[in-house]
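Fold and geometry: a report
The residues making up each chain are set out below.
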Amino acid sequence: MSSLANLIDKAATGGRLSFDEGVRLYREGDLHELGRAAHARRMQLFPGDVVTYVIDTTINYTNVCNVHCTFCAFFRPEKHKEGHTMTHDMVLERVKFAADQGASQIMIQGGVNPEIGLEWFERLFRRVAAEYPDVDIHSLSVSEVVGLSTVEGLPVREVLGRLQAAGMKSLPGAGAEILVERVRKRISARKIKPDAWLGVMREAQLLGMPTTATMMFGSIETEEERIEHMNVLRELQDETGGFTAFIPWYYVPFKTPLRGKEAMGLEYLRVLAISRLYLDNFPHLQASWLTPGMKLGQLALFYGCDDMGGTIIEEQVVHDAGSTNEATRRDLEKTIIGAGFRPVIRDTYWNLRHDVALATAS
Ligand code: SF4
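Counting restarts for each chain: residues are numbered from 1 in the order of the written sequence. With the structure being a predicted model, the display of local features is reserved for residues of pLDDT at least 70 and the display and counting of side-chain atom pairs for 80 or more, all residues being used for whole-chain, interface and lining totals. Side-chain numbers here rest on the full set of heavy atoms in the structure, without hydrogens or water.

Taken in spatial order, the 3 strands make up an open sheet running S9-S1-S10, and their pairing is parallel. If you trace the sheet from one side to the other, it starts and ends with strand S9 (307-310) and strand S10 (342-345), each paired once. Direction aside, the axes of adjacent strands within the sheet are offset by 25 degrees on average. Pairing of strand S1 (residues 50-54) with S9, which is carried by 2 bridges, proceeds in the parallel orientation. Counterpart to Thr52 in the pairing with S9 is Asp307. For two strands to count as paired, DSSP must find a minimum of two bridges between them. Helix and strand assignments follow DSSP, with helices taken as H or I runs no shorter than four residues and strands as E runs no shorter than two, numbered in order from the N terminus. For helices, the fitted line uses only the C-alpha atoms of the stretch in contact; every axis is such a line through C-alpha atoms, and the angle between N-to-C directions lies from 0 to 180 degrees.

Okay, here's the thing in structure tokens:
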């Protein structure tokens, strides 16, 4: 058996870890050694001092959802008096607000509301694309796409194709949680199975949409199940190469039916470092500062992350679960600069936007 030091050295230079090696490193690796290796790997992939971020917003257009995940404090079941859905004008107002602040990307995401059909999104996306051609529609989630496929009786590929034709550029990796059947049965029993989640992502990638992948950790899963999650993503990435980034974030338990404990900061850093080392074929690793906050988000830049995510001007789902973190462009940039890096704005495709002035430059 290889020593831990050998395994860390192998992973730091892009060598592939087996599942058992990944679990072993997760359990036994010294946190700072893992961080050192993850940072070395990140610097090997992206030498220099650039850390990217995107100016974006999340518009949670409906809180009505028929999936009823136990870790979610945002949704309301159908017919609930607090259920609401925005009109197209309301969504457009928020897109305008974000575009006026320089947003290049919007995430229109919500519950799986069976009252909303495919045409509703086609009309909305066409309007957004026509009125804000410089704002990329990085929107919906696998669950919403599957919901549309069910409501319309259409194959996922056709739903995605029509959304793409209406202006949707890319599919975010939301709704992955932990792609292990045992965990999903406990925290989101009505959600699609892991294979189906991967199947929708595959379809989107085959249509040429860039996609991301997330992991919500810290609910009920084991350490092995976290590596299992990364393993199925790594396999799909080997096949398609369609994921741009991995975004692990931890579960916020305060107002959810599932409850539980919030992950500790060191656990977050360990997950980041292992993600960078295990997912040898994912280019970008994003610091999801929304749950751990900006200070830990800054440390994340030394545990494998090369991207600070977005400004997320307006977000409700994680906020409703009890997270109170917010950041302006200036906050994000100062955090990056304070860590010794240079903030550069990017778009959905990870093109660097040197033409967009930094907020700290004004
Ligand atoms: S996490 Fe998403 S799919 Fe699950 S209940 Fe909340 S809104 Fe619905």
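Further notes follow.
What follows concerns the sheet that holds strand S5 (residues 168-170). Here we have 4 strands laid out as an open sheet, ordered S2-S3-S4-S5, and parallel in their pairing. On the outer flanks of this sheet lie strand S2 (56-59) and S5, each paired with one strand and no other. Strand-to-strand twist in this sheet, taken as the mean axis angle between neighbours without regard to direction, amounts to 40 degrees. In the sheet, S2 pairs with strand S3 (residues 105-108) via 4 bridges, with the strands oriented parallel. Paired with Thr58 across the two strands is Met107, which belongs to S3. In the packing of helix H4 (residues 88-100) onto the sheet, the strands contacted are S2 and S3, and the crossing angle to S2 comes to about 165 degrees. Any two residues having at least one pair of non-hydrogen atoms within 4.5 Å are treated as being in contact.

Here a residue is near a molecule or strand as soon as one of its heavy atoms is found within 4 Å of it. As a matter of local geometry, the ligand sits amid Cys65, Val67, His68, Cys69, Phe71, Cys72, Phe75, Gly111 and Lys191. Gly is put with the polar residues, along with every residue not named as nonpolar or charged; the nonpolar set is Ala, Val, Leu, Ile, Met, Phe, Trp, Tyr, Cys and Pro, and the charged set is Asp, Glu, Lys and Arg. Here the residues of the shell around the ligand sort into 6 nonpolar, 2 polar and 1 charged.

This next bit is on the packing of aromatic side chains. Two numbers describe a pair of aromatic rings. These are the distance of the centres and the angle of the planes. Ring pairs shown here join Phe, Tyr and Trp side chains whose ring centres sit within 6.5 Å, with only the six-membered ring taken for Trp; geometry is labelled stacked below 30 degrees between planes, edge-to-face above 60, and tilted in between. Scanning all chains against the criterion turns up 9 aromatic pairs. Taking the centre distance of 5.2 Å and the plane angle of 15 degrees together, the rings of Phe243 and Phe282 count as stacked. Of this pair, Phe243 sits in strand S7 (residues 243-250) while Phe282 sits in the loop between helix H11 (265-278) and strand S8 (284-285), and the two are 39 residues apart along the sequence. Here the two residues Phe243 and Phe282 agree in accessibility, since each one is buried. An angle of 75 degrees between the planes, with centres 6.0 Å apart, marks the rings of Tyr250 and Tyr268 as edge-to-face. Placement of the pair is Tyr250 in strand S7 and Tyr268 in helix H11, with a sequence separation of 18 residues. The buried label applies to any residue whose accessible area, calculated with a 1.4 Å probe on protein chains only, is under 20% of its type's maximum; exposed applies above 50%, and partly exposed to all values in between.

If charged atoms from side chains of opposite charge come close, those side chains can pair. Whenever Lys or Arg places a side-chain nitrogen within 4 Å of a carboxyl oxygen from Asp or Glu, that contact is recorded as a salt bridge. Inspection of the entire model under this criterion finds 25 salt bridges. Three or more residues are tied together by salt bridges with common partners; here these are Arg16, Asp238 and Asp280.

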